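# Analysis of the macromolecular model
Okay, here's what each chain looks like letter by letter:
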Amino acid sequence: MQQQAIQQFLDTRFDGFQVEVDVSRERADIILDRAPLNVISMGQRDQLRLVFEALDAHKGVRVIVLRSVGEHFSSGGDIKGFLEASPEHVSKLAWNVAAPARCEKPVIVANRGYTFGVGFELSLACDFRIASQTTRYALPEQNLGQIPGSGGSARLQKIIGITRTKHMVMRAKRITGDQAYAWGIATEVVPDTELESTVDALVDELRRFSPLAQRTAKKLINDNEDAPLTVAIEMEGHCYSRLRSSKDFKEGVEAFHSKRVAVFTGE
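Everything quoted here is computed from the prediction, not taken from an experiment.

In this chain, Ala-35 is followed by Pro-36 through a cis amide linkage whose omega measures 0 degrees. With respect to the secondary-structure elements, Pro-36 resides in the loop between strand 2 (27-32) and helix 2 (42-57). In the Ramachandran plot, Ala-172 falls in the positive-phi region, its phi being about 50 degrees despite a non-glycine side chain. The topology assignment puts Ala-172 in the loop between helix 8 (152-169) and strand 8 (175-176). Looking at Ala-172, the relative accessible area reads 15%, which means it is buried.

Dropping the structure here:
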């Protein structure tokens with residue numbers, strides 16, 4: 001997609017969220033904005049996928065942030081929408097929600113308050129989950145006679161194991177941000193007043209590194225999630241070997257020896 005076309009698309013009015021791009025900070029924000037609980041509609045999931053894909057192709061963006069307005073990240077999906085959606089549409093839900101994981105660029109999510117259902121599933125698909133101490137994570141679908149349908153239980157089990165996943169999914173249990181951090185779900189947990197500044201600092205930290213090395217690391221780690229150890233080590237070696245011939249690696253080595261800050265270009 002051409003850059004002008006990408007920007008024109010991102011300037012569109014979206015269903016239940018807005019997009020902000022700050023090229024000077026190489027940052028894009030996807031902001032859930034459907035007061036008061038930021039319920040995510042069925043159509044909104046399609047649009048979120050398209051926006052993640054557009055931002056991934058945006059040359060002025062290095063880091064993507066998913067956040068929300070108000071005191072809650074999202075209470076989950078529009079329940080009525082599930083009954084009205086076609087089976088074909090429902091079958092695409094997991095693909096749409098997995099868009100942050102498919103992005104080559106780092107994706108940070110800022111969670112506070114209710115982070116339930118699809119809101120939690122979207123967060124699990126991101127690379128870094130920064131939670132405030134007001135955060136409550138849950139997959140409450142059992143209360144509706146359902147199970148998570150967009151990768152929630154599958155991703156969660158990879159992170160916290162079968163026992164804790166059954167506790168959260170089969171009992172529809174809520175956990176706090178502090179508990180999520182203890183279990184390895186949250187990258188960091190901070191006071192609510194520090195959520196934005198913590199995300200800002202992480203964006204700037206990630207921008208210091210080579211875009212090429214970041215893309216490579218993300219894809220390698222994601223692809224190796226299900227790989228045997230011997231295959232994972234082999235793949236790591238191949239990626240390491242490829243990066244050794246990059247301009248960014250050369251710049252990093254020269255900057256290290258010159259005791260200066262490296263200037264990476266992603267080449």
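Anyway, onward from the coordinates.
Looking now at the pattern of salt bridges. The full count for this structure, using the stated rule, is 18 salt bridges. For Arg-67, the salt bridge identified is with Asp-29, shortest N-O distance 2.6 Å. In this pair, Arg-67 sits in strand 3 (residues 63-68) while Asp-29 sits in strand 2, placing the two residues 38 residues apart along the sequence. A relative accessible area of 5% places Asp-29 in the buried class. Of the charged contacts in the structure, one is a salt bridge between Asp-226 and Lys-158, with a shortest N-O distance of 2.5 Å. On the criterion of sequence distance, the pair formed by Asp-226 in the loop between helix 11 (211-223) and helix 12 (229-243) and Lys-158 in helix 8 is long-range, its members being 68 residues apart. Exposure class is identical for Asp-226 and Lys-158. Each is exposed.

Analysis parameters
- All residue numbers refer to positions counted from 1 along the written sequence of the respective chain.
- Selection of residues for local features in this predicted model requires a pLDDT of at least 70, selection of side-chain atom pairs for listing and counting requires 80 or more, and totals for whole chains, interfaces and linings are taken over all residues.
- The side-chain numbers reported here are obtained from all heavy atoms of the structure, hydrogens and water having been left aside.
- A run of DSSP states H or I qualifies as a helix once it reaches four residues; a run of E qualifies as a strand once it reaches two. Both are numbered from the N-terminal end.
- Only protein chains enter the calculation, and the probe is 1.4 Å; a residue is then buried if its accessible area is under 20% of its type maximum, exposed if over 50%, and partly exposed in between.
- By definition, a salt bridge exists where a carboxyl oxygen of Asp or Glu is found within 4 Å of a side-chain nitrogen of Lys or Arg.

By themselves these figures say nothing about function.
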